[in-house]
Amino acid sequence: MTPDDVIKTVIDSGLRGRGGAGFPTGKKWSLTDRKTPGPRYFLVNADEMEPGTFKDRFLMERDPHQVIEGLLISGYATEAGKGYIFIRYEYSEAAQALERAIGEAKSAGFIGKDILGSGFSMEISVHRSAGRYECGEETALMNALEGRRANPRSKPPYPASKGFWMRPTTVNNAETVANIPHIIKMGASQWKSLAAYEGGAGTKLYGVSGRVKNPGLFELPTGTPLNEIIETHGGGMRDGHSFKACLPGGASTPIITPDNMDVRMDFDTVSKIGSRMGTGCVTVFDDTCCIVRAMINNIMFFVRESCGWCTPCRDGLPFVYNILQRIEAGVAEMDELAVLEENCETIYPNSFCAFAPGAVDPVRSMMRLFREEVEEHIRLRKCPMNPRPLPLSHERARG
Amino acid sequence: MLSDGRIKELREYVASLEHPEEALVDLMHEAQEAYGYLSDEAAEKVAEIADVPVIKVDELATFYNLIFRRPVGRKVIFVCDSISCWVVGMENIFDYLKKRLGIDIGGTTPDGAFTLLPICCIGACHVAPAMMVGDKLYGNLTPESIDEILEKERN
């Protein structure tokens, strides 16, 4: 197969980016500038830091060769001679597993110069980061690898033509890359037919955590319904408790309520009901959870992790956080809800990267789906569910 | 402290790279390991090895959650405070650790054994609530298991 054949196969497979955005992988590859002489780079984003998400950890700890093999084929297709796996420092076990696997692949002749006499050469290394959510944004990831602060870059130029060290660069999530060997081996149409419905593509790693009996990670046909993931695989709700809501794919995905429990978990279908599939790792809330409090916890993560590059995110998110805290503490007035919504709507389209829209999206969904519960806090002048005083603070606890 | 031999090795390694800046994060990790935290002296060593201004090291160090510019205990306890741990009782875990260690979040025990910090989602949601002590992951935390973990990790 030529690089073009590989790209065509991946386009035909319908594989979409598994980091959460769902951009068609083959299309991304086809945009990579392969005309300019090298070096070109292929970067695997394994900086898994989306709250509620633990799929890449499993993948890399338990089957690192899948990621390595996928990276080699991806590098071949995009004609990249150097691959990096960008992994968060906390995943030391996964990083060690990857390095062991790279060593094994090297001694078997799968990594290095003129691999298996193909004329294609590729080196692979693992980069351990030092902890910052923004590193997962692809242009910020490049800055981080270059030894700069991981702030996002303005586009254009796009990474496909001028990315890492201003060279043509492709970035894909670890799970995305792990699918590639299977697509090439099975062929696009057979791999595609693994999905749960006509038009879907392949299998997906779905996670379930939160207030369920059997939290865990499951490889299932893409498009498996949300209620099947939670009930059949996640073991259903804890005894005596009922499903209240969930974040379907990480802390930046809008809330889903019981009336949409039968939604098929794929990018398009979840978007249609006003949410996003994101990483496909579901966080489940039951009747014991105050939704305002959940959103306070959620937005605190973004306040703390904001890279500080643009004002709407750096200064806007703490405003949202403060109003939510006032609501939970029972000191907010009804007209502050309009301020809260205005803040969210101002931050959403005006930030520099996708971080801040992801931060306010769950809050916006709370205002749409749980307005009554929010207003009840203000009417009662306290949280109707959780009498515990607020221990949370957005102050950064670091050196 | 980084030995002179190790500094020489690292210098040679960095010089062999096409882009020496790529090594900065690794160097910070190593210096932090050697000095206990990224002290001014450690930051200067990193700058010297990578041949960059020390302000560049400081700029990077202060960006990352896991590089400490102030002293920490021999082991840092990172308690996940993101949504999947919160929903199964993270607040109680923090309360218990604070009481047990006699310190607040951000504090270090008087014997220098532990520093207590929050960390964002560590991808251990299937065993929430979870924490890390140094680079070791512990899940399904209960007060009883925390007692055992602290006992084990203190030594």
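Located above this text is the structure these notes cover.
Note that the structure is predicted; figures quoted are calculated from it, not measured. (Residues numbered from 1 in each chain as written. Chains lettered and ligands numbered in written order. Predicted model: local features only at pLDDT ≥ 70, side-chain atom pairs only at ≥ 80, totals over all residues. Heavy atoms only, no water.)

Thoughts on the sheet that holds strand β4 (residues 136-138) of chain B
All names here are of chain B.
Then, number 1: Spatially, β2-β1-β3-β4 is the arrangement adopted by the 4 strands of the open sheet, whose pairing is mixed. Each edge of the sheet is formed by a strand with only one pairing partner; in this case those strands are β2 (114-119) and β4. Neighbour-to-neighbour, the strand axes of the sheet open up by a mean angle of 25°, direction not taken into account.
Then, number 2: Relative to β4, strand β3 (residues 131-133) runs antiparallel, the two being bridged by 3 bridges. Across the sheet, the residue bridging to Met132 is Leu137, located in β4.
Then, number 3: In this fold helix α7 (residues 143-154) packs onto β1 (75-80), β2, β3 and β4, with an angle of close to 165° to the strand it touches most, β4. (Pairing = 2+ DSSP bridges. Helix = DSSP H or I, 4+ residues; strand = E, 2+ residues; numbered from the N terminus. Axes fitted to C-alpha atoms, helices over the stretch in contact; angles between N-to-C directions. Contact = heavy atoms within 4.5 Å.)

Section: helix α3 (residues 55-62) of chain A
Then, number 1: Here α3 of chain A lies mainly inside the structure; 7 of its 8 residues are buried.
Then, number 2: When we look at burial in α3 of chain A, the residues that qualify are Lys55, Asp56, Arg57, Phe58, Leu59, Met60 and Glu61 of chain A. (Buried < 20%, exposed > 50% of the residue type's maximum accessible area, 1.4 Å probe, protein only.)

With respect to the pairing of strand β8 (residues 281-286) of chain A
Residues and elements named next belong to chain A.
Then, number 1: Counting buried residues in β8 gives 6 out of 6 residues, a clear majority hidden from the surface.
Then, number 2: Of the two faces of β8, the one carrying Cys281, Thr283 and Phe285 and the one carrying Val282, Val284 and Asp286 are both buried.
Then, number 3: Taken together, the 4 bridges between strand β5 (residues 203-210) and β8 define a ladder with parallel strand orientation. Bridging from a neighbouring strand, Gly207 pairs with Cys281 of β8.
Then, number 4: Relative to β8, strand β7 (residues 243-247) runs antiparallel, the two sharing 4 bridges. Across the sheet, residue Phe243 finds its bridge partner in β8, namely Asp286.

Brief notes about the state of the cysteines
Residue and element names in this part refer to chain A.
Then, number 1: Evaluated as defined, the whole model comprises 0 disulfides over all chains.
Then, number 2: In this structure Cys344 is not part of a disulfide, and its nearest cysteine sulfur, from Cys313, lies 12 Å away.
Then, number 3: The buried category is assigned to Cys344, whose relative accessible area is 1%. (Disulfide = S-S within 2.5 Å.)

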